[in-house]
Amino acid sequence: MKVWGWQARLDRALWVVLAGMVALGAGKPISAQDLTALAREVSMLEGQIDAWLKEPLGVEKQRSHTYVEERLTDGELYYQLKDYVRASIIFTDIVENHPNHPGFSDALFLLADSLFRAGDYLGARSRFREVLAHSNDPRFRPFIQRSLGRLIEIAVRIRDFTGIEEVFQRLATLPPSEVEASTNYYRGKYLYSQAVPTEEVLKANPEARIDPVTLEQARQAFESVAPRTPFYPQALYFIGVIHTLREQYPQAIDAFARVLQTEATLPEHGEVAELAQLALGRLYYETDQLDRAIEAYTAIPRTSSRFDTALYELAWAHIRRGDSTRAERALEVLMIAFPDSKIIPEAKLLRGNLLLRIGKLGEAERVFSEMVGELEPVQRDLDAMVADHRENLLAFFKKLVHENIEVFDPNAFLPPSAQRWAKMEGELDRALGILEAVSQIGQMLSETNSLIERLRAVLDSPNKLAIFADLRRLAERSVQLHNRVARLQKRILDASGAGAQLAEIQERRRELERFLSDMPINDEELAAFEAESIGRIRKLEKELARLEVEVAGLDARVTALTRYLDSPRRTHKDPVGDEGLRQEIEGHRAAIADYRQEINDLKVAVEAAYLQAGVGDHRYQEQARLREEYHRLVEREKAALEHVGPEVARLLERLSELKRKLYRRDGEIEAAARERAAAMRQVVNAEAKQTELYRSTLRQLDEEAEDVLSVVVYRSFDAIRQRFYDLILKADVGRIDVAWAQREEHRVRLEMLSRERERENRALDDEFRDIMDEWAEGSETSVQKGGGVQ
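Residues numbered from 1 in each chain as written. Predicted model: local features only at pLDDT ≥ 70, side-chain atom pairs only at ≥ 80, totals over all residues. Heavy atoms only, no water.

Here's the deal with the overall build of the protein
- On a plain count of helices and strands, the protein comes out with 29 helices and 0 strands.
- Taking all 790 residues of the protein together, the buried fraction comes to 40%.
- Partitioning the contacts of the protein with sequence separation of at least 6, the portion at a separation of at least 24 is 72%.
- For the protein, the exposed area adds up to about 44800 Å²; of that, 54% sits on carbon and sulfur atoms. (Helix = DSSP H or I, 4+ residues; strand = E, 2+ residues; numbered from the N terminus. Buried < 20%, exposed > 50% of the residue type's maximum accessible area, 1.4 Å probe, protein only. Contact = heavy atoms within 4.5 Å. Areas by Shrake-Rupley, 256 points an atom, 1.4 Å probe, with all protein chains shown as cover.)

See below:
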């Protein structure tokens, strides 16, 4: 311990005082009973310190001989709890640091499977390949087939089939009884994906056709999935799809019906059953079994996410059956129950045409007009986006993707009015999946970089003891033992009578003893002592949280102002004023970014303060300084007051020896902390370099992803815009049809009235002619009679 200059001068002064005390005389001698009790306490303290000194300092020495087994059990527990990230961390520790342990094979496979279940398919693929590299080791034999199956599944998920043929060759060498259902299922999915061209393949080559040979191999793979296995319903569903592609509708219906007859044992089986039910409805529709199609569509539960699709197709089945009223009712239920469904515009269009067909022209006109009224603002907003960026619309989308690359919202490139009914399908959905994966990697790298900064802040702190839990516990125990030694010294001096003789002179020792009485000597006192500083740190943390919320509110206001300025619905625009406002907003945005960076830096400092609080911090250093000063005073008193008795002197000497042991132990603990911190700093620096390498690679991927996604978003935007254009056009055509139907109705009615009038006119003419004929005949008869009289 360092001795300060003013303390050395105080020691010399105390020597003079103590020498005078010796000349003045002795105090009251200590009793034998008190001396025996104090000696017993010193012996007890010696035993406790000797036992504590035997505790090891090294991490490896503290681990039990079953350390790896315990870690493996912890990892398996997290794996069973589906906390795959923590499980993978534990398994990585075993795989990287204990490759010769008997549990290495289990840890490696579970690590690969944990990464797979956590969504890290590339990392899982690498680990599964490591499992296959140990295929000659008997310990890995139980995991070979499962690893091959997982590799096939990963290839299907990421659509990267590099090396998959080698996997199939290795599978062919295994006995069929050892091949699990999951492997056969994913082998079938792979073969199916190879046999049936995807949308991208068809776009690139419209002449692409289904490969019947590979498709049959896929069917055989699905057929080999045994019943009562988790993948049996999915395999049956694919069998039905294959028969449908071959236009073998009876066999397809049979396969889908078997799916519904299979007992659901997993949550995903319910989704497979709904898909099979929907497929049955479509097959019955195609084969003119309309009653059964209606029954199949009606069997889909209302809670299903596909119930809106079932209602829409049910309406078509009723139309084909000739029941327009039931079809219109199904569409009405669809629009009421699922107002935000993506197929609502098509459903409204169909309902309007149905109303037109059954002669409800007024309702049809209302449906078509509502549809146009809802979709025309969407079309105007889409056209406004095109008009605002007509010079280079693709560059606009690239900029939009770049600004949202961290957390990309698929609706970010659409006006709010279009987001309700826009469909994200096909290549956009897959591109967004890739972008999401890239974004997740970026977030992980950011979190890793933040963790590295936090670790460096802690490792660079002066208090290394607080970093390591085991050394911290040892240091806390040392503090307690130091304080107990100091208190015992005080009691011995007080019992010897020396304390009373020196009370008027040694004010400093009394002052130090008041501090000693507050120093912790057990776990409870130590916890209470540390709670005070932790409380101050927590107050700072709450203040940072409050500031963070305030900054978030400012950011929300800035975002709202930006959206208001960019809104295409603004009627009054002031270019000069808007530009000034935009500059001011950008200034506020930059200030918000600075505030957030400061808050993040303070968060790191608070986290470091949490880790450094405790043994070894400035409060404990102050305690150690006071104890050192007190021990020096005790040594001087012991030298000056040897006349009080050799027993007291021996007790004080024994306590001095305990202090020397504690000091040596403190030095060893501090050295161990520095050594560990240096080793950790090397690891952290290596990880920082690796993280920077990953970040450089990710930047390249970001650029490629931006280019690809920009084109995909542009195409999707154009397709969505075309969809709304077609829907409005069809609705307008529907309105025209209604108008023509009304005109035709009026024309038919007019013709009918005209024919009726002509018929009535002819009847009147006939009646008039009859009357005239009768009158003419009557007149002639009268003339003839009159002539005869003459």
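Side note on the environment of Phe724
- For Phe724, the location among the structural elements is in helix H29 (residues 646-789).
- We classify Phe724 as buried; its relative accessible area is 0%.
- Each C-alpha atom, one on Phe724 and one on Glu376, is 8.4 Å from the other, the two residues being 348 residues apart in sequence.
- The residues contacting Phe724, other than those within four sequence positions of it, are Leu375, Val378, Gln379, Leu382, Ala418, Trp421 and Ala422.

Examining the side chain of Arg351
- Following the sequence through the fold, Arg351 ends up in helix H19 (residues 344-357).
- Every residue in contact with Arg351, bar those within four places of it in the chain, is listed here: Glu328, Leu331, Glu332, Met335, Glu363, Arg366 and Val367.

So, the pattern of salt bridges
- Evaluated as defined, the whole model comprises 36 salt bridges.
- Of the charged contacts, one joins Arg127 and Glu96 as a salt bridge, the two residues approaching to 3.1 Å between their closest N and O atoms. One end of the pair, Arg127, is in helix H7 (residues 121-133); the other, Glu96, is in helix H5 (residues 84-97), with 31 residues separating them in the sequence.
- Classification of Glu96 by relative accessible area gives partly exposed; the value is 48%.
- Several salt bridges converge on common partners, so that one network encompasses Asp113, Arg117, Arg150, Glu153 and Arg157. (Salt bridge = Lys/Arg side-chain N within 4 Å of Asp/Glu carboxyl O.)

Digging into unusual backbone geometry
- One non-glycine residue, Glu247, lies in the positive phi region at around 60 degrees.
- Relative to the helices and strands, Glu247 is located in the loop between helix H13 (232-245) and helix H14 (249-261).
- Its relative accessible area of 57% is what places Glu247 among the exposed residues.
- Non-glycine residue Asp288 carries a positive phi angle of around 60 degrees.
- Secondary-structure assignment places Asp288 in the loop between helix H15 (267-286) and helix H16 (290-298).

Quick word on the packing of aromatic side chains
- According to the stated counting rule, one finds 16 aromatic pairs in the structure shown.
- Consider the rings of Phe104 and Phe140, whose centres lie 6.1 Å apart with planes at 70 degrees: the pair is edge-to-face. Highlighted residues: Phe104 in helix H6 (residues 104-117) and Phe140 in the loop between H7 and helix H8 (141-158), separated in sequence by 36 residues. Per residue, the accessibility class of Phe104 equals that of Phe140, and both read buried. (Phe/Tyr/Trp six-rings, centres within 6.5 Å; stacked < 30°, edge-to-face > 60°.)

Examining the packing of helix H18 (residues 324-337) against H19
- Orientation of H18 relative to H19, taken along the N-to-C sense of each, is 150 degrees, at an axis distance of 9 Å. Compared by their axis directions, H18 and H19 come out roughly antiparallel. Of the two possible hands of crossing, H18 and H19 adopt the one that is left-handed. Residues Ser324, Ala327, Glu328, Leu331, Glu332, Leu334 and Met335 of H18 touch H19, and the partners they reach there are Ile344, Ala347, Lys348, Leu350, Arg351, Leu354, Leu355 and Arg357. (Axes fitted to C-alpha atoms, helices over the stretch in contact; angles between N-to-C directions. Parallel < 35°, antiparallel > 145°, perpendicular 65-115°, else oblique. Left-handed = near helix turned anticlockwise from the far one by under 90°.)

Details of a nonpolar patch on the surface
- A cluster of nonpolar side chains, contributed by Leu394, Val711 and Tyr714, occupies part of the molecular surface with about 210 Å² of accessible area.
- Turning to its location among the elements, Val711 is positioned in helix H29. (Patch = residues over 30% accessible without salt bridge, like charges linked within 9 Å, V, L, I, M, F, W, Y side chains within 5 Å.)

What to know about the nonpolar core
- Within the largest apolar cluster, 130 residues are counted, with the highest numbers of intra-cluster contacts made by Tyr192, Phe222, Phe256 and Phe717.
- Considering every element that reaches this core, the biggest residue donor is helix H20 (residues 361-388), with 11 residues.
- In contact with Phe717, not counting residues within four places along its chain, are Leu382, Met385, Val386, Leu393, Phe397, Phe413 and Leu414.
- Leu45, Leu57, Leu658 and Ala672 belong to the second-largest nonpolar core, a separate cluster that totals 30 residues. (Core = buried A, V, L, I, M, F, W, Y, C linked by side-chain atoms within 4.5 Å.)

Things to note about H5
- With 14 residues, H5 should reach 20 Å at 1.5 Å per residue; the first-to-last C-alpha distance of 20 Å fits that figure.
- Every buried residue belonging to H5 is among Tyr84, Ala87, Ser88, Ile90, Phe91, Asp93, Ile94 and Val95, and all of these are buried.
- Looking at the buried residues of H5, the elements they touch are helix H4 (67-80), H6 and H7. (Expected span 1.5 Å × (residues − 1).)

A closer look at the confidence of the model for the protein
- Taken over all residues, the pLDDT of the protein has a mean of 78, while the share at 70 or more is 79%.
- Mean pLDDT in the protein bottoms out at helix H1 (residues 5-24), which sits at 38, and peaks at H6, which reaches 93.
- In the model, residues 1-28 has pLDDT below 50 throughout and makes 39 contacts with residues more than four positions away in sequence or in other chains.
- Within the model, pLDDT remains below 50 along residues 499-506, and this stretch shows 18 contacts once partners closer than five positions in the same chain are excluded. (pLDDT = per-residue confidence, 0-100.)

Examining the packing of H7 against H8
- Between H7 and H8, the shortest axis-to-axis distance is 9 Å and the interhelical angle comes to 150 degrees. If you check the angle between H7 and H8, you find them roughly antiparallel. Two packed elements cross with a definite hand, and for H7 against H8 that hand is left-handed. In this structure, H7 uses Tyr121, Leu122, Ala124, Arg125, Phe128, Arg129, Val131 and Leu132 to contact H8, whose residues at the interface are Phe143, Ile144, Ser147, Leu148, Arg150, Leu151, Ile154, Arg157 and Ile158.
- Its residues assigned to classes, the contact of H7 with H8 shows 12 nonpolar, 1 polar and 4 charged. (Nonpolar A, V, L, I, M, F, W, Y, C, P; charged D, E, K, R; others polar.)

With respect to a negative patch on the surface
- There is a patch of like negative charges on the surface, built from Glu767, Asp770, Asp773, Glu774 and Glu777.
- Locating Glu774 in the fold gives a position in helix H29. (Lys, Arg positive; Asp, Glu negative; His and termini not counted. Charge placed at Lys NZ, Arg CZ, Asp CG, Glu CD.)

A closer look at H13
- Taking 1.5 Å as the rise per residue, H13 with 14 residues should run 20 Å; its terminal C-alpha atoms sit 20 Å apart, in good agreement.
- Extensive coverage of H13 is indicated by the burial of 12 of its 14 residues.
- Looking at the packing, one finds that the buried side of H13 touches helix H10 (181-195), helix H12 (212-223), H14 and H15.
- A positive phi of about 60 degrees marks Glu247, the residue just after H13.

Some points on the environment of Gln261
- One can find Gln261 in helix H14.
- On a C-alpha basis, the gap between Gln261 and Ala273 in space is 9.1 Å, while along the polypeptide they are 12 residues apart.

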